[in-house]
Amino acid sequence: MICRRDVKIPNGKLLRVEVEIESGAVLRASVCGDFFAYPEDIFEAAESDLAGVPADRIGETALALFADPRLKIYGAKPGDIARALMEAADAAQAG
């Protein structure tokens, strides 16, 4: 099941996430929106590293991955990303 979510984060920016869940695990996750992330390869690795994570752990795992001290995110916070992914994963599992 694939679920997309558009979430307005507290500073008024838009965060768009997409999560694909199968058999209770993340197959794929993507994050985009009104923010910038540098370096991009660390951000992309964080997205990729969500594959295989149990869907009910996507929030805490995403928070850890996107809070990597080498990664700078402007316009969003790791917690914003984690919450949006968690909402999308919950919706995907609900069907």
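This is a predicted model, so every value here is computed, not measured.

## Concerning the overall build of the chain
- Of the regular secondary structure elements, the chain holds three helices and five strands.
- For 95 residues, the compact-globule formula gives about 12 Å, and the C-alpha radius of gyration of the chain, at 12 Å, lands near that figure.
- In terms of its C-alpha atoms, the chain occupies a principal-axis envelope of roughly 35 × 25 × 15 Å.
- Counting over 95 residues, the chain shows a buried share of 41%.
- In the chain, once contacts between residues fewer than 6 apart in sequence are set aside, the share between residues at least 24 apart is 52%.
- About 5400 Å² of surface is accessible on the chain, with carbon and sulfur atoms providing 52% of the total.

## Observations regarding a nonpolar patch on the surface
- There is a patch of nonpolar side chains on the surface, built from Phe36, Tyr38 and Tyr74 and spanning about 440 Å² of accessible area.
- Note that Phe36 resides in strand β4 (residues 36-38).

## Re the pattern of salt bridges
- One pass over the structure, following the stated rule, counts seven salt bridges.
- Asp6 serves as the salt-bridge partner of Arg16, at 2.6 Å between the closest nitrogen and oxygen. Of this pair, Arg16 sits in strand β2 (residues 14-22) while Asp6 sits in strand β1 (residues 2-8), placing them 10 residues apart in sequence.
- For Asp6, a relative accessible area of 45% puts it in the partly exposed group.
- Note that Asp80 and Arg83 form a salt bridge whose closest N and O atoms lie 2.8 Å from each other. With Asp80 and Arg83 both in helix α3 (residues 78-94) and three residues apart, this pair spans about one turn of that helix.
- Here the salt bridges share partners, and the residues they tie into one network are Arg4, Glu18, Glu20 and Arg28.

## With respect to the sheet that holds β1
- The three strands are arranged β1-β2-β3 in an open sheet whose pairing can be described as antiparallel. Bordering the open sheet on either side are β1 and β3 (25-33), each of which pairs with just one other strand. Each strand axis lies, on average, 15 degrees off the axis of its neighbour in the sheet, ignoring direction.
- Relative to β3, β2 runs antiparallel, the two sharing eight bridges. Bridging across to β3, Leu15 finds its partner in Gly33.
- Across the sheet, α3 touches β1, β2 and β3, and the angle it forms with β2 is around 40 degrees.

Criteria and cut-off values
- Residues numbered from 1 in each chain as written.
- Predicted model: local features only at pLDDT ≥ 70, side-chain atom pairs only at ≥ 80, totals over all residues.
- Heavy atoms only, no water.
- Helix = DSSP H or I, 4+ residues; strand = E, 2+ residues; numbered from the N terminus.
- Rg over C-alpha atoms; globule rule 2.2 N^0.38 Å.
- Buried < 20%, exposed > 50% of the residue type's maximum accessible area, 1.4 Å probe, protein only.
- Contact = heavy atoms within 4.5 Å.
- Areas by Shrake-Rupley, 256 points an atom, 1.4 Å probe, with all protein chains shown as cover.
- Patch = residues over 30% accessible without salt bridge, like charges linked within 9 Å, V, L, I, M, F, W, Y side chains within 5 Å.
- Salt bridge = Lys/Arg side-chain N within 4 Å of Asp/Glu carboxyl O.
- Pairing = 2+ DSSP bridges.
- Axes fitted to C-alpha atoms, helices over the stretch in contact; angles between N-to-C directions.

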